[in-house]
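Residue-level structural notes
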Amino acid sequence: MSVEGQPRPFIREVILEDFMSHEYSRIRLAPGLNVILGPNGAGKSSILIAISLAMGQSHTERSRRLSELVRHGRDQARVTLLLDNSERDGRRPLPRRSDVIRLSRVVRSSGEYWFEIDYRRADRLEVVDMLRDLGLNPDNLLIIMHQGLIDEFATLSPQERLLLVEEATGISGYRRRLERAIERLEGVKAEEREKEKQLEQLRAMEGQWRMLYEKVSERRELERRLEEARGELAWARVARLEAALGRIGDRRRELETQAGQEEGLAARLGEELARLRRELEAALDAGDRARTLKVVDEIAYDSAERALAEYRAKLAREEAGRLAREEARYREELEAAREEARGERPERLRDEGELEDEIRILEAKIRALGDLPVDVEELYRDIRSRLEGVSERLRELARNKAMLVEEIGRRMEVWRRELESLVGDLNSRFSELLSAVGAAGYAKITYGQSPSEAGLEVYVGFRGTEPMLLDPYRQSGGERSTAVTAFLLALQGRTVSPFRAVDEFDVHMDPATRATFFRVLHEMFKEERGVQYLVITPGYPSFVDSSAHYIIVQKVGGVSAVGEAARRQEQDRGPRPDSHAGGRGREGGEGPLLGQRGGAAGRPPRGLRLGRRRAPAGRQQGHRGAEQAGGDAGRVGRGQAARDDIAGGPEEEGGGARCQGARGGAVLGAVPSRGGIERQRGVPGQGGRVLGGAEAAEAPGAPRPQGAPGDRPPGAG
């Protein structure tokens, strides 16, 4: 909720650019219920396809190729969603700092595509992960049900249906955790079988190695002596290196002492030279030639002595440095030799050459014994150790298996409890909705040996018949539409996604059933205003709800045009003489109910103003020329039907003329209002069609708006 207590939409606006039949459309979505109206082929479904693709849907409706979504003659199409990310109760819905997130998908005519988040390129996985935390998966038809998917829902297997329901209601985590526990149990069982095979093999090997043990005793003795000789040789090397290191250290220290002495002498001579220079200056000042010559000789001598002392100190330092490096190398060798030396250091060490000869002899004797398994004892002990290790691992696996079985039991119980709670809530609402249209039904969970076998079966019965399993064959198209729509509506109270949509759920319904479900939709989203719902229908709703947001889509000259329908306050108006067949009453202050003619949409709802929202100025050009092009058939007139059905006359906010189509022609007209140029629709005359002035202006070739609100900046792709 906003600061003022008003709900906020999840999607603020949808912007379509060269997408399918839309050249440039901006569709504002409100919180709560949004209803898109318009004739078949006008471009209504394109809006939902665009929303789904921008959210990362992995396939397109009717299996279209992505390149087919680009408007004919254009290089690329762009779909942009403006997502409201402002804080709710101190938290933002999405983990980004901006109040509005601009989510785009660009599709090129070559089939190439990419995503953008706030003008930055992103991949599909990033988009899907961003929305998944909100429970929004565009591939789940219970969240976004495209045109024709009602029949597809009926064809789903019970297992597939249950998976969709779990994901839509936010309880799929119970199944995932249960399945992970089952996977771990299967892994434990597989390892247990493998360890049992290893145990049998190790027991057979143990008997064989026990028999070989006595045959290699001589070899073990030779190896023992060889190990002792090698150890003694290592200690002999340690002793040699220690002695060499001692000599080098003594010499280095001697040189360092010598260098220190020479440096001290040089320092003293430096002080003496300083004194002599002062004395020389005094002699020069006194003009004492003899004394001057004597001091000069002394300075020359001391300078030479000082230079020699410094040179000797330098040589001593360099030699000491070389010895220090050699000393470090010897220390490394000594450390390595000490690591090789094992056991206690012998008191008496033989010569290295003698030890090397003994080692060669012992190695030759060992080779002469042939290819006997010399490490029988080690291998035998290794086999025994492996036997014990495998046995211990089997005991550990048995404990893990018992714990996992217990965990799976608990998780299974929790998962089933959640499913039963869900189905209980679902059936209560499902039965209530079906009974409102004279039907009955219920859903039930079927369980198998594993969670993957669990499914959701839906049973429906019409006209007093016993409920039967919902499938593509038992029910008619209208019955399937009724059952699936009732199921979808019944599920809304448990669905977690902040945005949901359904396209043409009512296409096979009779008028009474359609009216019932529209009432349910309106009432449901009055109570649940925190959710944004989009409904697409080819017909007008049977009544008008001031809390809902109506959007009109029509196609003019091959271009889809989008407008908003706003309720006009009905003042000083009596009841309409052509009230619908279903009744004249209002529900809770709602607008008048409308009739349907010949199975089509019928007249537009009384009290709606149909207008284009924020239409760019560049797209309003030419409506006068289009008006004149129709001749007598396209002339704009005024009439009672226009006054009855179109809000926006001179007395309306913003002024402007009402328009009605003449016989056999099209209605054109644009009425300015505070929100910008709004398209006004007239009532079709005899044999005519209803068009808006802005629609006529959006003929192919109309100039594209520059700098319209929400346009991407230059270079953004």
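What comes next concerns the included structure. (Residues numbered from 1 in each chain as written. Predicted model: local features only at pLDDT ≥ 70, side-chain atom pairs only at ≥ 80, totals over all residues. Heavy atoms only, no water.)

Some thoughts on the packing of helix α6 (residues 217-286) against helix α7 (residues 289-340)
Viewed as axis vectors pointing N to C, α6 and α7 meet at an angle of 160°, and their least axial separation amounts to 6 Å. For the element pair α6 / α7, the angle class is roughly antiparallel. In the crossing of α6 with α7, the sense of the turn from one axis to the other is left-handed. Within the contact of α6 with α7, the residues separate by chemical class into 28 nonpolar, five polar and 25 charged. (Axes fitted to C-alpha atoms, helices over the stretch in contact; angles between N-to-C directions. Helix = DSSP H or I, 4+ residues; strand = E, 2+ residues; numbered from the N terminus. Parallel < 35°, antiparallel > 145°, perpendicular 65-115°, else oblique. Left-handed = near helix turned anticlockwise from the far one by under 90°. Nonpolar A, V, L, I, M, F, W, Y, C, P; charged D, E, K, R; others polar.)

Some remarks on the packing of aromatic side chains
Applying the stated criterion to the full structure yields five aromatic pairs. Between the aromatic rings of Trp-415 and Tyr-447, the centroid separation amounts to 6.2 Å while the plane-to-plane angle is 80°, which identifies the pairing as edge-to-face. Of this pair, Trp-415 sits in helix α9 (residues 376-436) while Tyr-447 sits in the loop between β9 (439-446) and β10 (455-462), placing them 32 residues apart in sequence. Counting every residue linked through ring pairs, the aromatic cluster contains Phe-153, Phe-430 and Phe-487. Stacked on the ring of Tyr-113, the Lys or Arg Arg-105 has its end atom at 4.3 Å from the ring centre. (Phe/Tyr/Trp six-rings, centres within 6.5 Å; stacked < 30°, edge-to-face > 60°. Lys NZ or Arg CZ within 6 Å of the ring centre and 35° of its normal.)

Details of helix α1 (residues 44-54)
Of all eleven residues in α1, eleven are buried; the element is thus mostly enclosed. Turning to α1, its buried residues number three or more, namely Lys-44, Ser-45, Ser-46, Ile-47, Leu-48, Ile-49, Ala-50, Ile-51, Ser-52, Leu-53 and Ala-54. (Buried < 20%, exposed > 50% of the residue type's maximum accessible area, 1.4 Å probe, protein only.)

A short note on the nonpolar core
One finds Ile-11, Phe-19, Ile-51, Met-55, Leu-142, Phe-487 and Phe-499 to be the most contacted residues of the largest nonpolar core, which totals 114 residues. When residues in this core are grouped by element, the largest group, twelve residues, is from α9. Both domain 1 (7-140 + 530-566) and domain 2 (177-375) contribute no fewer than three residues apiece to this core. Here Leu-142 is in contact with Phe-153, Leu-164, Val-165, Ala-168, Phe-487, Leu-488 and Leu-491, once residues within four sequence places are set aside. Formed by 14 residues, the second largest nonpolar core is a distinct cluster that contains Ala-234, Leu-323, Tyr-330 and Ala-337. (Core = buried A, V, L, I, M, F, W, Y, C linked by side-chain atoms within 4.5 Å. Domains from an automatic or database assignment. Contact = heavy atoms within 4.5 Å.)

Describing the pairing of strand β14 (residues 549-556)
In terms of burial, β14 is largely enclosed, as seven of its eight residues are buried. Sheet topology places strand β3 (residues 32-37) next to β14; four bridges connect them, and they run parallel. Across the sheet, residue Val-35 finds its bridge partner in β14, namely Tyr-550. (Pairing = 2+ DSSP bridges.)

Observations regarding the sheet that holds strand β4 (residues 76-84)
On the basis of which strands lie adjacent, the open sheet formed by six strands has the order β2-β1-β4-β5-β6-β7 and antiparallel pairing. A strand with exactly one partner marks an edge of an open sheet, and here the two such strands are β2 (22-28) and β7 (120-122). Between one strand axis and the next, the sheet turns through 20° on average, direction left out of account. Two elements, strand β1 (residues 11-19) and β2, share six bridges in a ladder whose sense is antiparallel. What sits directly across from Glu-17, in β2, is Tyr-24.

Quick look at the pattern of salt bridges
With the rule as written, the count across this model stands at 57 salt bridges. Glu-326 serves as the salt-bridge partner of Arg-322, at 3.2 Å between the closest nitrogen and oxygen. With Arg-322 and Glu-326 both in helix α7, this residue pair falls four residues apart, about one helical turn. Because the salt bridges share partners, they merge into one network encompassing Glu-232, Arg-350, Glu-354 and Glu-358. (Salt bridge = Lys/Arg side-chain N within 4 Å of Asp/Glu carboxyl O.)

Here's the deal with the pairing of β4
Each regular strand shows side chains that alternate between the opposite faces of the sheet. Burial of β4 is extensive: nine of the nine residues sit out of reach of the surface. Alternating positions in β4 separate into two faces, Gln-76, Arg-78, Thr-80, Leu-82 and Asp-84 on one and Ala-77, Val-79, Leu-81 and Leu-83 on the other, with burial throughout. Pairing of β1 with β4 involves six bridges; the strand directions are antiparallel. Each residue of the ladder has a partner; that of Glu-13, found in β4, is Leu-82. In this structure, β4 lies alongside strand β5 (residues 100-108), joined through nine bridges in antiparallel fashion. Residue pairing across strands places Leu-83 opposite Ile-101, the latter belonging to β5.

Considering the sheet that holds β9
Strands sit in the order β9-β10-β11 across an open sheet of three strands; the sheet is antiparallel. Two strands in the sheet have a free side with no partner beyond their single neighbour: β9 and β11 (468-469). In terms of strand pairing, β9 meets β10 through eight bridges, oriented antiparallel. When the sheet's bridge partners are listed, Tyr-442 is paired in β10 with Tyr-459. Against the sheet, helix α4 (residues 158-168) engages β9 and β10, with an angle of about 100° to β10. Contacting β9 and β10, α9 runs over the sheet at an angle of about 165° to β9.

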